[in-house]
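Descriptive analysis of the structure
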Amino acid sequence: MAPYSYCLVLLTLSWYSSAYGPDQRAQKKGDIILGGLFPIHFGVAAKDQDLKSRPESVECIRYNFRGFRWLQAMIFAIEEINSSPALLPNMTLGYRIFDTCNTVSKALEATLSFVAQNKIDSLNLDEFCNCSEHIPSTIAVVGATGSGVSTAVANLLGLFYIPQVSYASSSRLLSNKNQFKSFLRTIPNDEHQATAMADIIEYFRWNWVGTIAADDDYGRPGIEKFREEAEERDICIDFSELISQYSDEEEIQQVVEVIQNSTAKVIVVFSSGPDLEPLIKEIVRRNITGRIWLASEAWASSSLIAMPEYFHVVGGTIGFALKAGQIPGFREFLQKVHPRKSVHNGFAKEFWEETFNCHLQEGAKGPLPVDTFLRGHEEGGSRLSNSSTAFRPLCTGDENISSVETPYMDYTHLRISYNVYLAVYSIAHALQDIYTCLPGRGLFTNGSCADIKKVEAWQVLKHLRHLNFTNNMGEQVTFDECGDLVGNYSIINWHLSPEDGSIVFKEVGYYNVYAKKGERLFINEEKILWSGFSREVPFSNCSRECLAGTRKGIIEGEPTCCFQCVECADGEYSDETDASACIKCPDDFWSNENHTSCIAKEIEFLSWTEPFGIALTLFAVLGIFLTAFVLGVFIKFRNTPIVKATNRELSYLLLFSLLCCFSSSLFFIGEPQDWTCRLRQPAFGISFVLCISCILVKTNRVLLVFEAKIPTSFHRKWWGLNLQFLLVFLCTFMQIVICVIWLYTAPPSSYRNHELEDEIIFITCHEGSLMALGFLIGYTCLLAAICFFFAFKSRKLPENFNEAKFITFSMLIFFIVWISFIPAYASTYGKFVSAVEVIAILAASFGLLACIFFNKVYIILFKPSRNTIEEVRCSTAAHAFKVAARATLRRSNVSRKRFDEPQKNAMAHRNSTHQNSLEAQRSSDAPARHQALLPLQCGEMDSDLTVQETGLQGPMAGAHPPEMEDPEEMSPALVVSSSRSFVISGGGSTVTENILHS
């Protein structure tokens, strides 16, 4: 019973292998059998399976001439290998090729046939059954075409480790070796194609596109990869739709509505021709034009879409095509096809009928029903299988295949056909490696080799993974770890042929996946015709490009590609269109008016050449000139009374300090350097302290001299010239110490200030320490305040030759200037800081110079009559008399109050008795008093006068004049004629004026 059981199993499994009739396969015996899966038809007829009867196999419709050419390429390669002495000598390759009808169900039926045959062969039933028609196992399968079909086939073949080499399935999902263990392919995967599409969109500066993908394992992964690449390039997708050849009309119309309403003019399509055809037909019906189609390889050269009647819609399509190969002798092989000659090709009969639109009667291969071969004729080379035979004449068998133009004879660019040819040769070379394998060098355990006569599919798969050979074009062929071949793409543009009006695929560039990023894409724009006739690159952006000087601004709620153009901010620029962000100018530069470039910032400081700087310089030079002039006048008239009365030496030093003050202002003009910044504040501070110190010592000395009642030795020392200079030095030395500490701890330096104004760089001095500057100015103001105090006390001294009033006024000017300077200095910036300080220095310096010296210079030069010793005597004596008289009166009043109380009544009586006589006596004394004061008023000192006033007499004390100093060292108020002296006494107080030689 065992043999019969095995035969029963054989018959059961054979049912799967014989599911296709003789005319539904191409089959030829051989020592080794290769399987083939090709889309001879584009699809299957829709049939409602209500299961009221046994389900029937669906019928394939719409003949695919290109699919038959691909099949022919496999047969041609096998026959070429069989006739080659170099490959597999003494071995014959056979084939079993089936039609997948571009559907998963038909492909799986064929795949089950391969698997079932292999299982039958593995049972070794020849000794039990007389299987004369036994066919060897299928050790490898070439196919399928679509990625969705190949995915289903690969899952099944992978279970049995039967190698599958696809020629057109490019889905990147098939590179997963964990899921598809036995899948290999001779076409690049879609990962490179999706990247190339994104590169093209970026090349033409489009950023607003739509996407359409087939709802299968080819379209979905491909468009997903494209989205990833588009996101990296800031390309936005307006819409994304899925399509299928089996979509109902409502779904197709919905997609068309989306396309029609979209503002995106570029549409990226990852689909096959059959899946895209219904959509294109509807778009043509609605006459939606002006779109640029970016085609994936699967439909870039599809005969279903590239039809002249569709050209107004799809003309100018940019597509990717595989690199064309060369198959010598293939053209002649295609032309030799004939139903009666191609005895092993069951598809030749239908091909002949579809090519010549006729029907064959019973052929040489046996009686066949006529309606088996009747197929309807579809536009563009696709015919329906259920058309009536009444419309087709009988075929004569003498028709010329070259006289009919079909996609079958389009062998100018062999792309998929060459991939089929290469797939067959890959398997053949793997078998050749097995055939030539030497024991010990094999790929199997212990270096063993497979037996070519009993080779199994898994052994062929092992050698395919390690394959390395050179094809007929001199290129190295090897599969990577994912079973892929890395290849390049040609970029084609759809043109309308002027000769016959057909669509031709013009090569306009290429994409080299081997090149480094950024150099892979090449496009010759001069060859491209947009929409079939235009040379102008279409616009497909959500927003118009932003010009140079602007940037893209985000619109809330819109994709990033939809933007508004925003002008670059001040200090920023953009020198290119569609800039995402403006570039900040360097620190020393600022943006121009249009924000397209950066220009050097204006450098600003208190320059020598600007009007303001020139004016300040002129005033400083004028001050220096006037001070030098005054100094010259004082030196020239140094022996005159008025010069001597001003304390010559201190006046010289004072004038020198004023020269320094005026000169120090020049350090504030010009471009600040580190050395000028370190020098100008100390120069200003020391100069003013020297000046104020001279005035302070001078004023204090005059005050002490005139307020002293009896000149003592202390006064003589105070009046000494050496001590005066020592005090000036000590006051100035304190300022020097402040400056040295300042320069040592925080030295000032030049500073380029960019923050104050955007377009200007202010070169100023950074003072290092504002506290030190405050100490410097504060110390100067402190000395000025002390000087003001002494000058104010000295305001009633002899006004002809004592400058106390003028010093008081000059100190008031000084305080007003520097008090005003503080808020002005704090509120200004840039060059005006220096200008404010220069103005303050000049104002204070001019105030001191004018108040102290201009009056004296005026007398010296224009009133020489007042520059005499008599003027000095008159002024000094009058002041001395007034002081002594006031003192005497005060003492007399005090003494009188002591005796008035006890003698009040007596004095009242006495005064009443002698009232008349006292009035007469006083009247007679008035001329005498006037006579006594007359020499003091007119300056005539011819005799010694002793003035005694009734009631003001007292004992004379200190009548002997003290020892006098050198006249050059005396106070100006004490310098009078030496010929006379006078004494005014009263109340025990005596003032002695010694008359010295001038």
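So, a few notes on the structure that sits alongside this text.

Quick notes on the rules
- Numbers given for residues are sequential positions, taken from 1 along each chain in its written order.
- Local features in this predicted model are restricted to residues whose pLDDT is 70 or higher, and side-chain atom pairs enter the listing and the counts only when it is 80 or higher, whereas totals over whole chains, interfaces and linings include all residues.
- The basis for the side-chain values is all heavy atoms of the structure; hydrogens and waters are excluded.
- Nonpolar core, defined: a set of buried Ala, Val, Leu, Ile, Met, Phe, Trp, Tyr and Cys residues in which side-chain atoms within 4.5 Å join the residues together.
- Summary of the burial criterion: residues with accessible area below 20% of their type's maximum are buried, those above 50% are exposed, and those between are partly exposed, where the area comes from a 1.4 Å probe applied to protein chains only.
- Helix and strand definitions here come from DSSP, where helices need a minimum of 4 consecutive H or I residues and strands a minimum of 2 consecutive E residues; each element is numbered from the N-terminal end.
- In this description, contact between two residues means that some pair of their heavy atoms is separated by no more than 4.5 Å.
- When DSSP finds two or more bridges between a pair of strands, those strands are recorded as paired.
- The angle between two axes is taken between their N-to-C directions and runs from 0 to 180 degrees, where each axis is a line fitted to C-alpha atoms and a helix contributes only its stretch in contact.
- Criterion for a disulfide: a pair of cysteine sulfur atoms at a distance within 2.5 Å.

Observations concerning the nonpolar core
F38, M74, F226 and L431 are the most contacted members of the largest nonpolar core, which totals 104 residues. Among the elements that take part in this core, helix α12 (residues 416-435) stands out by supplying 13 residues, more than any other. With residues near it in sequence (within four places) discarded, F226 still touches A194, M197, A198, I201, V209, T211, I237 and V268. Judged by nonpolar contacts, the second largest core, of 65 residues, contains L654, F684, F688 and I841.

Quick word on the sheet that holds strand β18 (residues 521-523)
Strand order in the open sheet formed by eight strands is β10-β9-β11-β12-β13-β16-β17-β18, and the pairing between neighbours is mixed. Pairing within the sheet leaves two strands with one partner each, and these edge strands are β10 (236-243) and β18. Strand-to-strand twist in this sheet, taken as the mean axis angle between neighbours without regard to direction, amounts to 30 degrees. Pairing of strand β13 (residues 318-322) with strand β16 (residues 489-496), which is carried by five bridges, proceeds in the antiparallel orientation. From the neighbouring strand, F320 faces β16, where its bridge partner is I491. Lying on the sheet, helix α8 (residues 273-286) is in contact with β9 (208-214), β10, β11 (266-270) and β12 (292-295); it crosses β10 at an angle near 110 degrees.

Concerning the environment of V566
Its place among the elements puts V566 in strand β20 (residues 563-567). Separated by 16 residues in the primary sequence, V566 and T550 place their C-alpha atoms 5.3 Å from one another. If sequence neighbours within four positions are ignored, V566 has contacts with T550, R551 and G553.

Observations regarding the state of the cysteines
Going through the model one piece at a time under the given rule, you end up with nine disulfides. In this model C546 forms its disulfide with C565; the gap between the sulfur atoms is 2.1 Å. In this structure the cystine formed by C546 and C565 twists about its S-S bond by roughly -95 degrees; its chirality is therefore left-handed. Linking C546 in the loop between β18 and β19 (550-554) with C565 in strand β20, this pair joins segments that are 19 residues apart in sequence. Residue classification places C565 among the partly exposed positions, given a relative accessible area of 42%. Across the disulfide, C677 is cross-linked to C765 (sulfur-sulfur distance 1.8 Å). The S-S bond linking C677 to C765 shows a torsion near -75 degrees; that makes this disulfide left-handed. Placement of the pair is C677 in helix α17 (residues 674-707) and C765 in strand β27 (residues 760-766), with a sequence separation of 88 residues. An identical accessibility class is assigned to C677 and C765; each is buried. For the unlinked cysteine C691, the closest cysteine sulfur is that of C661, found at 5.2 Å.

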